[in-house]
Every structure is written in C-alpha cells, then in structure tokens.
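The residues making up each chain are set out below.
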Amino acid sequence: MESDRLQTFIDEVGLVVSGTADEHEITARVAELLSALLAGGYRLPPEVTRSSPARHLTYPLHIAPDGSWSLASVVWDVGQRTNVHSHETWGVAGIYAGVEHESRYLKPTPSTEGAPLTPAGETRWEPGQVTVCCTTDDDVHAVAAVGGEPTVGIHVYGGDIATIRRREYDPATGEARWFVSGWDTPEPAAAL
C-alpha cells in the first residue's frame, strides 16, 4: 500500500517536471502534491527515517532516470544542524516527523560577495507542513532539528541533489566553498 502511494506521488511529480520548465510553477505544484501525501498519512520505510549521532543523513527515495529531479528522506538527530548552504536548483520540503528550525539568508549577488550574509527570516516547521525551500534565485539557508525527536523531511529537488555542486557559506564573512553532498545508504532492516 505505502509503496503504491509513493509510486503514485513519483508519477505525479514526474508529470509536473516534464510538463514545464518554470521552476516556480513546478515548486507550487509539487508542494501541493507533497502536502497531500503527508496529509494522507503516508509512512516512510523505517530504514530511511533512522538518524545518526554523527551528522544528518540524506537517503535517496527516487532519482528520475533522466536526472531531472530527485526525492529524498533527510534526517537530523536531535540538536543537529546544517551549515548555511545553497541548493543551486529548485526544491520543496515537507516535515514528516520532528520539528525543523530554518534560518534563511538573502542569496549573495556579485555586488555583495565577500560581505556578511543578510538574514532573511526564521521559521519553525512542524509535521505536515510543506515549504518551497529553494528556487535558483532564492536558496540560501541553514536548518536545525529542534524538539525532543529526530527531524525527518521528505525533499523533492530539481536534479540529483547528491551530485549537484552547491555552496556552503560562512554567514559572518560571506565566504563560500563548493561541495557535493552525496547520498547515504540506508541499512536494511535485517542488518539492524
């Protein structure tokens, strides 16, 4: 049943992505689909909801055969946070479990490179809530797991997010460095 629901979601997102190149239209429509998936009580397999005490994990749920988009389960243990980073693509994130605190920053422009990042607000995201986390013109943030349980998000990105060159920023100086995140491999239930 759950695999059928996920496959239906994957098929619907695939139709959206193949139907337009407008990332603002894509993210609005994908946000609606992800909201419906979460509201319908979809349950992720346990192996892609497990946290690590060392760092947050990004598990692949689907990578489009043509590389046009990917679906991930992203898991932060209690108190873990990301560095300030970009995505270099569009993305939609929904909270599956736990609570996420997001700190957004204005994306540096050529005239502001090398200057401290400008804060652009903070939001607390709870289970069932969905946000357009990024578009190519607005995609710099940091997130942290707050509350008493790990935070699990279901994320949809333009492209294979694990292979995209992205920026990590020092918010105090604006200094950026490039990185590629990679995927984490879930351990099979029998191995646990």
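Note: the structure precedes this text.
The paragraphs below set out a description of the structure included in this document. Because the structure is a prediction, the values reported are computed rather than measured. (Residues numbered from 1 in each chain as written. Predicted model: local features only at pLDDT ≥ 70, side-chain atom pairs only at ≥ 80, totals over all residues. Heavy atoms only, no water.)

**Concerning the overall build of the chain**
A count of helices and strands for the chain gives two helices and 11 strands. Starting at the N terminus, the α and β elements of the chain follow one another as α-α-β-β-β-β-β-β-β-β-β-β-β. Principal-axis analysis of the C-alpha atoms gives the chain an extent of 50 × 40 × 25 Å. Counted over contacts in the chain with a minimum sequence separation of 6, partners at least 24 positions apart contribute 76%. Side chains of the chain carry 13 positive and 27 negative charges; the gap between the two charge centres is 4 Å. (Helix = DSSP H or I, 4+ residues; strand = E, 2+ residues; numbered from the N terminus. Contact = heavy atoms within 4.5 Å. Lys, Arg positive; Asp, Glu negative; His and termini not counted. Charge placed at Lys NZ, Arg CZ, Asp CG, Glu CD.)

**Brief notes about the packing of aromatic side chains**
The tally for this structure, following the rule as stated, stands at zero aromatic pairs. For Arg165, the ring lying beneath its charged end belongs to Trp178, and the centroid distance is 4.3 Å. (Phe/Tyr/Trp six-rings, centres within 6.5 Å; stacked < 30°, edge-to-face > 60°. Lys NZ or Arg CZ within 6 Å of the ring centre and 35° of its normal.)

**Brief notes about the nonpolar core**
Membership of the largest hydrophobic core comes to 30 residues, with the highest contact counts inside it found for Phe9, Val13, Leu34, Trp69, Leu71, Ile154 and Val156. Contributions of two or more residues to this core are made by helix H1 (2–19), helix H2 (23–39), strand S1 (57–63), strand S2 (69–76), strand S4 (91–97) and strand S9 (151–158). Filtering out sequence-adjacent residues up to four positions away, Phe9 remains in contact with Leu33, Leu34, Leu37, Leu71 and Val156. (Core = buried A, V, L, I, M, F, W, Y, C linked by side-chain atoms within 4.5 Å. Buried < 20%, exposed > 50% of the residue type's maximum accessible area, 1.4 Å probe, protein only.)

**Looking at the pattern of salt bridges**
Counted under the stated rule, the structure contains nine salt bridges. We note a salt bridge from Asp184 to Arg55, for which the minimum N-O separation is 2.5 Å. Residue Asp184 is located in the segment after strand S11 (176–179), and its partner Arg55 is located in the loop between H2 and S1; the two are separated by 129 residues in the primary sequence. Overall, Asp184 belongs to the buried group, its relative accessible area being 13%. For Arg124, the salt bridge goes to Glu126, with nearest N and O atoms at 3.5 Å. Judged by its relative accessible area of 48%, Arg124 falls in the partly exposed class. (Salt bridge = Lys/Arg side-chain N within 4 Å of Asp/Glu carboxyl O.)

**Some points on the pairing of strand S8 (residues 140–146)**
With six of seven residues buried, S8 is to be regarded as a mostly interior element. In terms of strand pairing, strand S5 (residues 99–105) meets S8 through seven bridges, oriented antiparallel. Each bridged residue has a counterpart across the sheet, and for Ser103 the counterpart in S8 is Ala142. (Pairing = 2+ DSSP bridges.)

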